[in-house]
Amino acid sequence: ILNVEQSPQSLHVQEGDSTNFTCSFPSSNFYALHWYRWETAKSPEALFVMTLNGDEKKKGRISATLNTKEGYSYLYIKGSQPEDSATYLCASPYSSASKIIFGSGTRLSIRP
Amino acid sequence: NAGVTQTPKFRILKIGQSMTLQCTQDMNHNYMYWYRQDPGMGLKLIYYSVGAGITDKGEVPNGYNVSRSTTEDFPLRLELAAPSQTSVYFCASRTGPNTEAFFGQGTRLTVV
């Protein structure tokens, strides 16, 4: 992996279902992995910053895991609600601790 | 607490004109960033700075310039605007490595 990559690009989920998506990043020279939530017509807001292999973080119904050795992170949303509809971005300063590079995002839509 | 403030919010430029997008933060953050939002591509890093007097190129620096004379301000200069620079521009700041970034509200720029 040479860049930060996210999959899938978009996801449509029924309200109440749980879902997850993936962020892949270069595993060499790892510094940190960020997750942001970006609602339409607003600015991105941070969910998590993760630094340690095996790290797990949780905020309400949203949680994330990190595997720095294989270069991936999963974001989980339990019991999706309409307000969870947003684009979820991951970012990693993989070439320099200072330079935050974003993936292209996963656009999540929740069907009522 | 104002956080990260960008001005203007909207601007229409003619091809060949120049302008400066302003960004200021009141959180005493050392690190500041400029991103552009390209459709389907998430956020692309234009320039970043790790402190007053220090700037460096990101992924897409061509056609832009920056300066960082104070900790608070990080203006982005567009010289000879081109239609390809039509985008939404976001400024962000953070304390340092392994910390979350805080974003401004964005500047929507159209070049015609």
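Above this text you will find the structure in question.
Described in the following lines is the structure provided in the data block. (Residues numbered from 1 in each chain as written. Chains lettered and ligands numbered in written order. Predicted model: local features only at pLDDT ≥ 70, side-chain atom pairs only at ≥ 80, totals over all residues. Heavy atoms only, no water.)

Okay, the nonpolar core next. Most often, soluble globular proteins keep nonpolar side chains buried together rather than apart. All names here are of chain A. Counting residues in hydrophobic clusters, the biggest one holds 22 residues, and the most contacted among them are Phe21, Trp35, Phe48, Leu75, Tyr88 and Leu108. Residue assignment for this core shows that the elements contributing at least two residues are strand 2 (10-14), strand 3 (19-24), strand 4 (33-38), strand 5 (45-50), strand 7 (62-67), strand 8 (72-77), strand 9 (86-92) and strand 11 (106-111). Leu75 has contacts with Thr19, Asn20, Phe21, Trp35, Leu47, Phe48, Ile62, Ser63, Ala64 and Tyr88, leaving out every residue within four places of it along the chain. (Core = buried A, V, L, I, M, F, W, Y, C linked by side-chain atoms within 4.5 Å. Buried < 20%, exposed > 50% of the residue type's maximum accessible area, 1.4 Å probe, protein only. Helix = DSSP H or I, 4+ residues; strand = E, 2+ residues; numbered from the N terminus. Contact = heavy atoms within 4.5 Å.)

Another aspect to go through is the packing of aromatic side chains. Residue and element names in this part refer to chain A. Summed over the entire model, instances satisfying the criterion amount to 15 aromatic pairs over all chains. Ring centres of Tyr36 and Phe102 lie 5.5 Å apart, and the angle between their planes is 55 degrees; this geometry places the pair in the tilted category. One end of the pair, Tyr36, is in strand 4; the other, Phe102, is in strand 10 (residues 101-102), and 66 residues separate them in sequence. The exposure class assigned to Tyr36 is buried, which follows from its relative accessible area of 0%. Note on Tyr74 and Tyr76: the rings are 6.1 Å apart at their centroids and 70 degrees apart in plane angle, and the pair reads as edge-to-face. (Phe/Tyr/Trp six-rings, centres within 6.5 Å; stacked < 30°, edge-to-face > 60°.)

A word on the pairing of strand 11 (residues 107-111) of chain B. All names here are of chain B. Residues Thr107, Leu109 and Val111 point to one face of strand 11 and are all buried, whereas Arg108 and Thr110, pointing to the other face, are not buried. Relative to strand 11, strand 2 (residues 10-13) runs parallel, the two sharing four bridges. Looking at strand 11, one finds that Phe10 is bridged to Arg108. Here strand 9 (residues 87-94) pairs with strand 11 via three bridges, running antiparallel. Within strand 11, the residue paired with Ser87 across the bridge is Leu109. (Pairing = 2+ DSSP bridges.)

Turning next to the sheet that holds strand 8 of chain A. Residues and elements named next belong to chain A. What the five strands build is an open sheet, ordered 1-3-8-7-6; its pairing is antiparallel. Only two strands of the sheet have a single neighbouring strand rather than two, namely strand 1 (5-7) and strand 6 (56-59). Each neighbouring strand pair of the sheet contributes to a mean axis angle of 15 degrees, computed without reference to strand direction. (Axes fitted to C-alpha atoms, helices over the stretch in contact; angles between N-to-C directions.)

Everything listed here is a matter of geometry and, on its own, says nothing about what the molecule does.
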